[in-house]
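Fold and geometry: a report
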Amino acid sequence: MESRRRRRIAFVAAAATAASLGLAACGSDSSSGGTTHLTWYINPDGGGSDPAGGGQAQLAKECSDASDGRYRIGIQLLPNSASDQRQQLLRRLASNDKGVDIMSIDPVFVAEFAEAGYLAPVPEDKQSTFTDDVVDPAVTNATWKDELYAAPFWANTQLLWYRKSVAKKAGLDMTKPVTWDQVIDAAKKSDSNVGVQASRYEGYMVWINALVEGGGDHIVENPGADGPELKFGLESEGGKKAAEIIQKVSDEGVGGPAMGSTDETTTLDMFQNEQAGFMVNWPYVYAALKGAEVDWIKDLAWTRYPQTTEGTESKPPLGGIEMGVAQSSSKQEQAWEAVECLTSKESQKAYMLGTGNPAARKAVYDDADVKKDFPMAALIRQSLDSSGPRPLTQYYGDVSSGIQREYSPPGSVAPGSTPKQATTLLEDVLKGDALL
Amino acid sequence: MPAFVVMLLVTAYPILQAIWNSFFKYRLTDPDNREFVGLNNYVVSFGDSVFWSAMAATVLITVITVVVELVLGFIIALVMHRIVIPRRTLRTIVLIPYSIITVVSGFTWLFMYQTDTGFVNRWTSWLPGVSDNYDWFGSFWPSIFVICLSEIWKTTPFMSLLLLAGLAQVDTSMEEAAKVDGASWMQVLTKVILPNMKPAIMVAVLFRTLDAFRIFDNIFIMTGGANGTNSLSGLIYRQTIDRTEIGLGSALSVILFICVLIIAALFVKGFKVDLTQGRS
């Protein structure tokens, strides 16, 4: 009898504890003591979750501290690749997850998220704050059907990195704009390689898109259209020239011994180990090479992304991160206030210095600290301004996967057939008549 | 009865849900447009060369791995059966590859065969005509070779242990009688051991065939399905998770489910495998 009574008391105590813990958990979830708790899903940026790491985690802490207790930003780390980040965010947003407030989104997925109704439009009173003094292509990528859905945070672009001695040996004048044909010929002549990203992944799509854009054409000609109505420009002059360049890099054997497996890291390795005299890659490589203390650092140089067609300005690739607020968030007002702080000029400067990721705001490039750390700052800004964004369509994932499939391996690319095959595949996929 | 209800919910509900979803055109990024399309997802799947390419790769990998594992597993089982002293230790050592998580072993094999940093190319570079930068994942057959090798390395121990159990059931007096009658080692093997091990062999092959037919992780890690190496499971992942095409992915899942059922039925009925008794 006594033991039954004891068990009953223990049960009531346990239930009370569980209930109080549950209530406490609820209390800390959203707002306690007037402070709103926001959750920001960030992409890995080298800063990790360290509030002193120089990355998004640090910005979260600094903006939280500066808010005078109005909000606190907690971070959640997304997977490494842009595709995996998209998948995880999509699954949460599709399930109306209330735990997502702010998101770091790859620019190519803003359209898809916005079309699905998962992103809250930027409030009118914040629009100029987020877009004034920001490079145009980053704003274009944050806009879907004339509505601004995200705040540009950082904007990435690619440069042509090269070794002065290799270019000199090949007799290539780097003071003038160079074409892809010239770079390939120079690599061949100097018995060197050109680092390109041609593995079957998003980086390959970045290269193909930059080549097509550089030829004055676009992979998707009417980006806002519904799937079956999308028109593709792969069979245009620019598209065919793009295929010719990929074929030439492969046929001449200057893409490295395993061109079909190259990504940003492997091309940087090739360049660092002096197997490649030329490389197209993002600006992070400068800090990486300096950090690796390569003994030929004085031989390192950079210039604008190569031209697809001689005389036509190149269209360097555009990357980066846009910041969006979930439509399902019940704290949108505070979230946008936090985004304002996170994307301010000061935050973008700190982020660029901390992680090496270029700012979307133009004014950052005039800053003395930035100029000191990034001798190529002016070129980055110029490349961002004239970059060629990837197709702005809600079907971007399908378009990218389809092109990667038809253009892989690079050795199989033929200007006479590959663009046509890719176009047919994409049309069939978007009509729902084919698998990917 | 309650146990039956729980089992029904856990087992049948996801299957029925997948079958139901397979009749719709439904995409996570277009949540407001869920359209009934009947059997269209199946028609699209069967009419696409990508499906048949995935089916071919799946069957090829299954056949290669199961056949090689059966032969190697049998040899290992014979050796373990004959070794008397540290049998328990030996079995533990043999099981090490099987106990390693596939993602870990997949990445290990990937690193070994990397063009620049992998040591396989360094080992083979002295061979005449072999490049020290060979791209193992740049085309179909080399990729299939490494994928199969990784699978065989990992799962042969499982096969060998199943066969070892079968070997232990063979009546040793029959072996001894055959030897006394002057039978050679090969005759003992083919006329006595193998016929008596048929039930164990069939069960082992059935388990491994079903397992190999669902191959996903090694391919995902090593090639991402490039160069025609995508399997049926990889194709389902791409449609369902990558493209968020729930209807199409469900249809493919149902097709894979039916394939697995057919394989199991063929073994159980065709080869008369008795899973409950271990006898045929």
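Residues numbered from 1 in each chain as written. Chains lettered and ligands numbered in written order. Predicted model: local features only at pLDDT ≥ 70, side-chain atom pairs only at ≥ 80, totals over all residues. Heavy atoms only, no water.

With that settled, consider the overall build of chain B. Within chain B, the regular secondary structure consists of 12 helices and 2 strands. If you list the helices and strands of chain B from N to C, you get α-β-β-α-α-α-α-α-α-α-α-α-α-α. Viewed in the frame of its principal axes, chain B has a C-alpha envelope of about 75 × 65 × 30 Å. Considering chain B as a whole, with its 280 residues, one finds that 45% of them fall into the buried category. Element-wise, carbon and sulfur atoms account for 71% of the exposed surface of chain B, whose accessible area totals about 14800 Å². (Helix = DSSP H or I, 4+ residues; strand = E, 2+ residues; numbered from the N terminus. Buried < 20%, exposed > 50% of the residue type's maximum accessible area, 1.4 Å probe, protein only. Areas by Shrake-Rupley, 256 points an atom, 1.4 Å probe, with all protein chains shown as cover.)

Further remarks concern the packing of aromatic side chains. In the structure shown here, the tally under the stated rule is 29 aromatic pairs over all chains. Summarising the aromatic geometry, the rings of A:Trp180 and A:Tyr305 are spaced 5.8 Å apart at their centres and angled 75° between planes, so their arrangement reads as edge-to-face. Of the two residues, A:Trp180 sits in helix H8 (residues 180-189) while A:Tyr305 sits in the loop between strand S11 (300-303) and strand S12 (318-325), which places them 125 residues apart along the sequence. In this pair, the class of A:Trp180 matches that of A:Tyr305, namely buried. Judged by centre distance (5.1 Å) and plane angle (15°), the ring pair of B:Tyr98 and B:Phe158 falls under stacked. In this pair, B:Tyr98 is assigned in helix H4 (residues 87-99) and B:Phe158 in helix H7 (residues 140-168), connecting sequence segments 60 residues apart. (Phe/Tyr/Trp six-rings, centres within 6.5 Å; stacked < 30°, edge-to-face > 60°.)

Here we take up the side chain of B:Asn227. Within the secondary structure, B:Asn227 sits in the loop between helix H10 (217-222) and helix H11 (232-242). For B:Asn227, a relative accessible area of 19% corresponds to the buried category. Looking at B:Asn227, its side chain comes within polar contact range of the main-chain oxygen of B:Gly138, at 3.5 Å. In this structure, B:Asn227 is in contact with A:Arg200, A:Pro409, B:Phe137, B:Gly138, B:Ser139, B:Phe140 and B:Ser143, ignoring residues within four places of it in sequence. (Polar contact = N/O pair within 3.5 Å; in protein donor to acceptor, adjacent residues only side chain to side chain. Contact = heavy atoms within 4.5 Å.)

Once that is clear, we can look at the environment of A:Pro152. You can see A:Pro152 is positioned in strand S7 (residues 151-157). Leaving out residues up to four positions away in the same chain, A:Pro152 has contacts with A:Phe130, A:Val134, A:Ala138, A:Val139, A:Ala142, A:Ile321, A:Glu322, A:Thr343, A:Gln348 and A:Ala360.

This next bit is on the packing of helix H3 (residues 49-82) of chain B against H7(B). Residues and elements named next belong to chain B. In contact at an axis separation of 6 Å, H3 and H7 are set at 40° when each is read in the N-to-C sense. It follows from the interaxial angle that H3 and H7 lie oblique. The way H3 lies across H7 gives a crossing that is right-handed. When grouped by side-chain class, the residues that make up the contact of H3 with H7 number 24 nonpolar, 6 polar and 2 charged. (Axes fitted to C-alpha atoms, helices over the stretch in contact; angles between N-to-C directions. Parallel < 35°, antiparallel > 145°, perpendicular 65-115°, else oblique. Left-handed = near helix turned anticlockwise from the far one by under 90°. Nonpolar A, V, L, I, M, F, W, Y, C, P; charged D, E, K, R; others polar.)

A few words on the pattern of salt bridges. Counted according to the given criterion, the structure contains 32 salt bridges over all chains. Across the pair A:Arg163 and A:Glu274 runs a salt bridge, and its minimum N-O distance is 3.3 Å. Taken as a pair, A:Arg163 in strand S8 (residues 159-163) and A:Glu274 in the loop between helix H11 (264-272) and strand S10 (278-281) lie far apart in primary sequence, 111 residues in all. Overall, the relative accessible area of 10% leaves A:Arg163 in the buried class. By relative accessible area, which is 43% here, A:Glu274 ends up partly exposed. Measuring nitrogen to oxygen at the nearest pair gives 3.7 Å for the salt bridge that ties B:Glu175 to B:Arg82. (Salt bridge = Lys/Arg side-chain N within 4 Å of Asp/Glu carboxyl O.)

Considering only enclosed or pocket space, the second largest pocket measures out at about 420 Å³ in volume. Lining the second largest pocket are 21 residues, with A:Tyr395, B:Lys25, B:Arg27, B:Asp30 and B:Asn33 sitting closest to its centre. Taken together, the elements giving at least two residues each to the lining of the second largest pocket come down to helix H4 (110-115) and helix H18 (418-431) of chain A. The residue makeup of the lining of the second largest pocket, split by class, is 6 nonpolar, 4 polar and 11 charged. (1 Å grid on protein atoms, 1.4 Å probe; cavity = no way out; pocket = protein on both sides within 12 Å on 5 of 7 lines; lining within 4 Å. Points joined across faces, edges and corners; volume = space filled by probe spheres on them.)

Residue and element names in this part refer to chain A. Among the surface-exposed residues, Glu 124, Asp 125, Asp 146 and Glu 147 lie close enough to one another that they form a single negatively charged patch. Along the chain, the position of Glu 124 falls in helix H5 (residues 124-131). Of the residues examined, Glu 124 reaches a relative accessible area of 73% and is grouped as exposed. (Patch = residues over 30% accessible without salt bridge, like charges linked within 9 Å, V, L, I, M, F, W, Y side chains within 5 Å. Lys, Arg positive; Asp, Glu negative; His and termini not counted. Charge placed at Lys NZ, Arg CZ, Asp CG, Glu CD.)

The description of two helices packed together rests on the angle between their axes and the distance between the axes. Residues and elements named next belong to chain A. The interhelical angle for the contact between H11 and helix H12 (residues 284-291), taken along N-to-C directions, is 50°, at an axis separation of 11 Å. By the angle class used here, H11 and H12 are oblique. With respect to the hand of their crossing, H11 and H12 are arranged in right-handed fashion. Contacts from Glu 264, Thr 265, Leu 268, Phe 271 and Gln 272 of H11 reach H12 at Tyr 284, Val 285, Ala 288 and Leu 289.

What follows covers the interface of chain A and chain B. On the side of chain B, 29 residues touch chain A, which itself brings 25 residues to the contact. Counting the surface lost from both chain A and chain B, the interface buries some 2200 Å², and carbon and sulfur atoms represent 50% of this. When the buried surface of chain A facing chain B is broken down by residue, A:Arg200, A:Leu435 and A:Leu436 rank first, second and third, together holding 28% of it. Applying the counting criterion to the chain A and chain B interface returns 2 salt bridges. Here B:Arg27 ties to A:Asp398 by a salt bridge, and the two come within 3.0 Å at their closest N and O atoms. In this structure, the connection of chain A to chain B is made through 9 residue pairs in polar contact (both at pLDDT 80 or more). Elements supplying a minimum of two residues to the side of chain A that touches chain B: helix H3 (82-94) and helix H17 (396-406) of chain A. With 6 residues, the top contributor of residues to the side of chain A that touches chain B is H3(A). When grouped by side-chain class, the residues that make up the side of chain A that touches chain B number 12 nonpolar, 5 polar and 8 charged. (Buried area = accessible area lost by both parts, 1.4 Å probe.)

This part is about unusual backbone geometry. Residue and element names in this part refer to chain A. Following Ser 408, the chain continues to Pro 409 via a peptide bond in cis, the omega torsion being -10°. Note on placement: Pro 409 falls in the loop between H17 and H18. Located in the positive-phi region is Asp 146, a residue other than glycine, with phi close to 65°. If you trace the backbone, Asp 146 turns up in the loop between strand S5 (143-144) and strand S6 (147-148). Positive phi, close to 55°, is recorded for Asp 191, a residue that is not glycine. By the element assignment, Asp 191 lies in the loop between H8 and strand S9 (194-195). Overall, the relative accessible area of 72% leaves Asp 191 in the exposed class.

All names here are of chain B. For helix H5 (residues 102-112), the full list of buried residues reads Thr 102, Ser 105, Gly 106, Trp 109, Leu 110 and Met 112. Down the axis of H5, the buried side of the element spans an arc of 165°, and every buried residue falls inside it. Looking at the packing, one finds that the buried side of H5 touches helix H6 (119-124), H7 and H10. (Arc of directions from axis to C-beta.)

Per-residue confidence for chain B averages 89 on the pLDDT scale, and 95% of its residues sit at or above 70. Per-residue pLDDT, averaged within each element of chain B, yields its smallest value for H4(B) (81) and its largest for helix H2 (residues 40-46) of chain B (96). (pLDDT = per-residue confidence, 0-100.)

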